[in-house]
Amino acid sequence: MHVIGEEVSERLHTIPAQYEVIVTHRPKLACRACDAIVQAPASEHLIKSGLPTEATVASVLVAKFAWNLPLFRQAKMMASQGLDIDRSTLAFWVGTAAAELMPLYERLKAHLLASSKLVVDETTVPVLDPGRGKTKTGYFWTMARDDRPWGGNDPPAVVYHYAPGRGAEHMHALLGDYGGIVQCDGYATYKQLAGGNRVTLAFCWSHLRREFFKLAKEGNAPIATEALARIAELYGIEKEIRGTTAAKRRDIRQLRSASRVEAFRLFLEKQLERVSQKSKIAGAIRYGLRHWEGLVRFLDDGRIEMDTNIVERLIRPQVLTRKNCLFAGHDAGGEFWAVLGSLIETCKLQNVEPQAYLTDVLTRLVNLWPNDRLDELLPWAWPATVKASPVTQTGRAREIPCQA
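This write-up is about the structure you can find in this document. Everything quoted here is computed from the prediction, not taken from an experiment.

Conventions and cut-offs
- Residues numbered from 1 in each chain as written.
- Predicted model: local features only at pLDDT ≥ 70, side-chain atom pairs only at ≥ 80, totals over all residues.
- Heavy atoms only, no water.
- Disulfide = S-S within 2.5 Å.
- Pairing = 2+ DSSP bridges.
- Helix = DSSP H or I, 4+ residues; strand = E, 2+ residues; numbered from the N terminus.
- Axes fitted to C-alpha atoms, helices over the stretch in contact; angles between N-to-C directions.
- Contact = heavy atoms within 4.5 Å.
- Phe/Tyr/Trp six-rings, centres within 6.5 Å; stacked < 30°, edge-to-face > 60°.
- Lys NZ or Arg CZ within 6 Å of the ring centre and 35° of its normal.
- Buried < 20%, exposed > 50% of the residue type's maximum accessible area, 1.4 Å probe, protein only.
- Arc of directions from axis to C-beta.
- Patch = residues over 30% accessible without salt bridge, like charges linked within 9 Å, V, L, I, M, F, W, Y side chains within 5 Å.
- Areas by Shrake-Rupley, 256 points an atom, 1.4 Å probe, with all protein chains shown as cover.
- Salt bridge = Lys/Arg side-chain N within 4 Å of Asp/Glu carboxyl O.
- Lys, Arg positive; Asp, Glu negative; His and termini not counted.
- Charge placed at Lys NZ, Arg CZ, Asp CG, Glu CD.
- Core = buried A, V, L, I, M, F, W, Y, C linked by side-chain atoms within 4.5 Å.
- Polar contact = N/O pair within 3.5 Å; in protein donor to acceptor, adjacent residues only side chain to side chain.

Scanning all chains against the criterion turns up zero disulfides. With no disulfide of its own, Cys184 has Cys204 as its nearest cysteine by sulfur position, at a separation of 9.0 Å. Sulfur of Cys347: no disulfide; nearest cysteine sulfur belongs to Cys325 and is 19 Å away.

Structure, rendered in structure tokens:
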């Protein structure tokens, strides 16, 4: 019989994660004439004299900080494959990797602080407080940059900055020297940035909308329903112009949105005169009018979004990690969390696979990558660095001879 054609089918097959042992041989060589003994030096490792390769450490980091898998679950998963590795050992790996990556994190932070516009917010981080037998509340002060809606050239990125509190001193420690546009919610501490001429504050329409949405959800709230409809018109215009240049966005906003925004202000002022000043709707209206100057800032600058949703979306992964992992072990653990979360979430924004990135970057850093070239290892520059000088090998378990 002979072939007259064929049918081809494809099925998705899973190969479970496997742990392999890499054996490295470093022979000792002796000279018969002079009795000299030489041996190739051992390669540098992140965990000195330890079991894991940089790829293994990276897998632990990604599992926890990208996919929200606590260390005690990872330890159980390893035990199911015959690896008896305690959670405290995994925590040591995490801390060592974060300390190694700290200079890169500082460069990422410096890049964001050099941006013309930042979106900022903060969220809580429970931290173990051993002396009291419970947790205390730390904070991630988060700043994000995403200029893609108006075609900006700066790559999108996010930085989480851990601080033990939410006071103004922590905000100034992060943003005190910043000059540019800061988009934020109505938290009073941020308003201190607007004292000079360096910072322009823009407020968030999503926070204003949220106040009216709560009232409309309860039913029989015609003023809140009308306010939501007017805000929806503005968001409809924003949807149409997303992705155009900053100049075009500003022109269309001036042409179509400015009149609607002014009409909305007049509507709020009129309704405020009609309702009880102690009512919830009056509080929502006063919130909007009190922040009006910052709310309308987007009309005059095409770089500014209507809301802070970008930073709220980027806080969400840390909220999931917080939910699953419960708390950081100490303040240093909060700082390590901020370092690793910043690099991993920035990788996601750049469509860079975090496991490959961390494996390669940790390998380069422990092999004394120059400090003056750290920018080449930032997530948006890293793919080009790999093509120029690959250092990470992938494949099955192997014995690697080391020539003296």
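Continuing now.
Okay, the sheet that holds strand E4 (residues 117–129) next. What the five strands build is an open sheet, ordered E6-E5-E4-E7-E8; its pairing is mixed. Edge positions in the sheet fall to strand E6 (157–163) and strand E8 (199–202), since each of these pairs with one other strand and no more. Along the sheet, successive strands turn relative to each other by an average axial angle of 30 degrees, direction set aside. Of the pairings in the sheet, the one linking strand E7 (residues 180–183) to E8 comprises four bridges and is parallel in character. Bridge pairing in E8 links Ile181 to Thr200. Those strands touched by helix H3 (residues 87–113) are E4, strand E5 (134–145) and E6, and its axis lies near 110 degrees from that of E6.

This next bit is on the packing of aromatic side chains. Summed over all chains, the structure comprises 11 aromatic pairs. Ring centres 6.4 Å apart and planes at 85 degrees place the aromatic pair Phe140 and Tyr162 in the edge-to-face group. With a gap of 22 residues between them, Phe140 in strand E5 and Tyr162 in strand E6 connect regions that are remote in the sequence. Among the aromatic residues, those joined into a cluster by ring pairs are Trp205, Phe264, Phe267, Trp292 and Phe298. The ring of Trp380 carries Arg145 above its face, with NZ or CZ at 5.8 Å from the centroid. Lying over the aromatic face of Tyr187, Arg166 brings its terminal NZ or CZ to 3.8 Å of the ring centre.

What helix H2 (residues 71–79) keeps buried is the set Leu71, Gln74, Ala75 and Met78. Mapping the buried residues of H2 onto a view down its axis gives an arc of 100 degrees, with all of them on the same face. Elements in contact with the buried residues of H2: helix H1 (54–65) and H3.

Our next topic: a positive patch on the surface. There is a patch of like positive charges on the surface, built from Lys239, Arg242, Arg313 and Arg316. Note on placement: Lys239 falls in helix H6 (residues 222–241).

Buried residues dominate E4, accounting for 10 of its 13 residues. Sheet topology note: the E4/E7 ladder contains three bridges and is parallel. Across the sheet, residue Leu118 finds its bridge partner in E7, namely Val182. Here E4 pairs with E5 via 11 bridges, running antiparallel. Bridge assignment links Val120 to a residue of E5, and that residue is Met143. Adjacent in sequence and paired antiparallel, E4 and E5 are bridged by four residues, among which Gly133 carries a positive phi angle near 70 degrees.

Counting 106 residues, the largest nonpolar core has Leu101, Leu104, Leu175, Trp205, Phe212, Phe264 and Tyr357 as the members making the most contacts within it. By residue number, the principal contributor to this core is H3, which donates 10 residues. The residues touching Phe212, leaving out its near neighbours within four places in the chain, are Ala224, Ala227, Leu228, Ile231, Phe264, Leu268, Ile281, Ala284 and Ile285.

Moving on, we come to the side chain of Arg253. As for its placement among the helices and strands, Arg253 is situated in helix H7 (residues 246–274). Note on Arg253: relative accessible area 0%, which makes it buried. In terms of polar contacts, Arg253 uses its side chain to reach the backbone carbonyl oxygen of Phe298, at 2.8 Å. Among residues more than four places away in sequence, those in contact with Arg253 are Glu238, Ile241, Ala258, Phe298, Leu299, Asp301, Gly302, Ile304 and Glu305.

Attention now moves to the pairing of E6. With seven of seven residues buried, E6 is to be regarded as a mostly interior element. By the alternation rule, side chains of E6 split into Ala157, Val159, His161 and Ala163 and Val158, Tyr160 and Tyr162, which are all buried. In terms of strand pairing, E5 meets E6 through seven bridges, oriented antiparallel. The partner of Thr142 across the bridge, within E6, is Tyr160.

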